[in-house]
There are 2 protein chains.
Amino acid sequence: MKALLIIAHGSRRKDSNDEVRRLADRIRENSGPAFGLVASAFLEISSPQMDSAIADLAEEGATSIVVFPYFLAAGTHVAHDIPRIVEEEKEAYPNIDFEILPHLGALQGISSLILKHIYKSASGE
Amino acid sequence: MKALLIIAHGSRRKDSNDEVRRLADRIRENSGPAFGLVASAFLEISSPQMDSAIADLAEEGATSIVVFPYFLAAGTHVAHDIPRIVEEEKEAYPNIDFEILPHLGALQGISSLILKHIYKSASGE
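Residues numbered from 1 in each chain as written. Chains lettered and ligands numbered in written order. Predicted model: local features only at pLDDT ≥ 70, side-chain atom pairs only at ≥ 80, totals over all residues.

Looking at this model, I keep getting lost on helix α3 (residues 76-92) of chain A. Mind explaining?
Residues three or four positions apart in an α-helix share a direction because the helix packs 3.6 residues into each turn. Residue and element names in this part refer to chain A. The end-to-end C-alpha distance of α3, which contains 17 residues, comes to 23 Å, matching closely the 24 Å that a straight helix rising 1.5 Å per residue would cover. For α3, the full list of buried residues reads His77, Val78, Ile82, Ile85 and Glu89. In this structure, the buried side of α3 is in contact with β1 (2-8), α2 (50-59), β3 (64-69) and β4 (97-100). (Helix = DSSP H or I, 4+ residues; strand = E, 2+ residues; numbered from the N terminus. Expected span 1.5 Å × (residues − 1). Buried ≥ 20, exposed ≤ 12 C-beta atoms within 10 Å, placed from the backbone. Contact = placed C-beta atoms within 7 Å.)

Shown next, in the form of structure tokens:
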């Protein structure tokens with residue numbers, strides 16, 4: 001079974017972490033047959049952390065885990081922390097395939113989404 | 001003259017900060033007549049910081065500054081730090097109108113962008 005794991009930074013504000021959890025819920029509802037499991041995890045402050053989310057997915061029968069970094073910029077977390085944790089988890093779960101998708105900020109669609117948003121704001125005044 | 005100021009977190013990795021600067025460049029090239037000035041600033045680590053970016057925009061003749069938080073989640077930075085700095089700058093520049101747009105993660109388009117990205121990855125395998 002294929003699993004999607006959305007990784008966010010994590011915040012001291014519960015509202016902010018709940019935004020990420022709601023995003024995972026929306027993706028779970030709309031991901032159709034592509035993913036049997038959809039989960040979210042945080043690098044800092046909030047839980048679950050990546051390792052415990054991966055343990056849960058393994059227990060639920062994931063045979064493949066696609067990691068999606070919900071980050072705008074390829075900072076230290078995207079460039080180093082997530083790949084390092086995935087390498088550790090590969091050793092812990094040799095029977096699970098891991099894949100890391102490009103981070104959100106790398107998607108071309110982002111800049112046109114922002115432009116649309118900004119135009120709307122500018123014309124709404 | 002109306003200015004757009006894109007605020008990002010800032011990273012120790014130059015590549016990551018350059019991604020934000022390139023985004024500002026793309027928006028500057030494509031923002032048409034909506035904004036006479038487009039700049040970016042960082043809350044931590046990188047420069048310019050918000051206050052010096054706002055000083056530059058004021059010097060370049062901005063009469064109105066639209067602040068766009070380039071953040072995915074409404075964490076402490078979006079909920080507290082950016083509004084607090086904007087309040088301080090309002091006092092420093094009483095003749096400039098300030099407006100804070102909703103942060104990027106609040107846009108509905110984000111979740112469909114992610115779904116498209118994830119589907120593409122899932123079907124490409």
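Moving on from the model shown.
Explain the interface of chain A and chain B to me, please; I cannot follow it from the model alone.
Bring the parts together and some accessible area is lost; that lost area is often taken as the interface size. With 39 residues of chain A in contact, the opposing surface of chain B contributes 39 residues. Those elements that provide at least two residues to the side of chain A that touches chain B are β1, α1 (14-30), β3, α3 and α4 (109-123) of chain A. By residue number, the principal contributor to the side of chain A that touches chain B is α4(A), which donates 10 residues. Counted by class, the side of chain A that touches chain B contains 23 nonpolar, 11 polar and five charged residues. (Nonpolar A, V, L, I, M, F, W, Y, C, P; charged D, E, K, R; others polar.)

Looking at this structure, how should I read the relation of the copies chain A and chain B?
Between the two copies of the chain lies a relationship made up of a rotation around an axis and a movement along it. Each copy of the sequence occupies a distinct position, and chain A is placed on chain B by a rotation of 180 degrees and an axial shift of 0.0 Å, giving an RMSD of 0.0 Å. Interpreted geometrically, this transformation is the action of a two-fold axis. Using C-alpha coordinates, one finds that chain A approaches the rotation axis most closely at Leu72(A), a distance of 3.6 Å. A share of 100% of interface residues in chain A that are also interface residues in chain B marks the association as one of identical surfaces. (Least-squares fit on C-alpha atoms with pLDDT ≥ 70 in both.)

Would you take a moment to explain the nonpolar core for this structure?
In a soluble, globular protein the nonpolar side chains are often hidden away together inside. Among the nonpolar cores identified, the biggest contains 69 residues, and Leu4(A), Leu5(A), Ile6(A), Leu4(B), Leu5(B), Ile6(B) and Phe68(B) are the most heavily contacted of them. Here Ile6(B) is in contact with Val20(B), Leu23(B), Ala24(B), Ser40(B), Phe68(B) and Tyr70(B), once residues within four sequence places are set aside. (Core = buried A, V, L, I, M, F, W, Y, C linked by C-beta atoms within 7 Å.)

Mind showing me how you'd approach α1(A) here?
All names here are of chain A. Taking 1.5 Å as the rise per residue, α1 with 17 residues should run 24 Å; its terminal C-alpha atoms sit 24 Å apart, in good agreement. Three or more residues of α1 are buried, namely Ser16, Asn17, Glu19, Val20, Leu23, Ala24 and Ile27. The buried side chains of α1 occupy one side of the element, clustering within an arc of 150 degrees when seen end-on. Projecting away from the buried face of α1 at angles above 90 degrees are the exposed residues Lys14, Asp15, Arg22, Asp25 and Glu29. Directly after α1, the chain includes glycine 32, whose backbone phi takes a positive value near 55 degrees. (Arc of directions from axis to C-beta.)

Quick question: what am I supposed to make of the sheet that holds strand β2 (residues 37-42) of chain B here?
Residue and element names in this part refer to chain B. The parallel open sheet is built from four strands, whose spatial order is β2-β1-β3-β4. The open sheet has two edge strands with one neighbour each: β2 and β4 (97-100). Mean inter-strand twist for the sheet, computed between neighbouring axes without regard to direction, equals 20 degrees. Sheet analysis places strand β1 (residues 2-8) next to strand β3 (residues 64-69), joined by six bridges and oriented parallel. When the sheet's bridge partners are listed, lysine 2 is paired in β3 with serine 64. Each of β1 and β2 is contacted by helix α1 (residues 14-30), which is oriented at about 165 degrees to β2, the strand it contacts most. Running at roughly 160 degrees to β2, helix α2 (residues 50-59) makes contact with β1, β2 and β3 of the sheet. (Pairing = 2+ DSSP bridges. Axes fitted to C-alpha atoms, helices over the stretch in contact; angles between N-to-C directions.)

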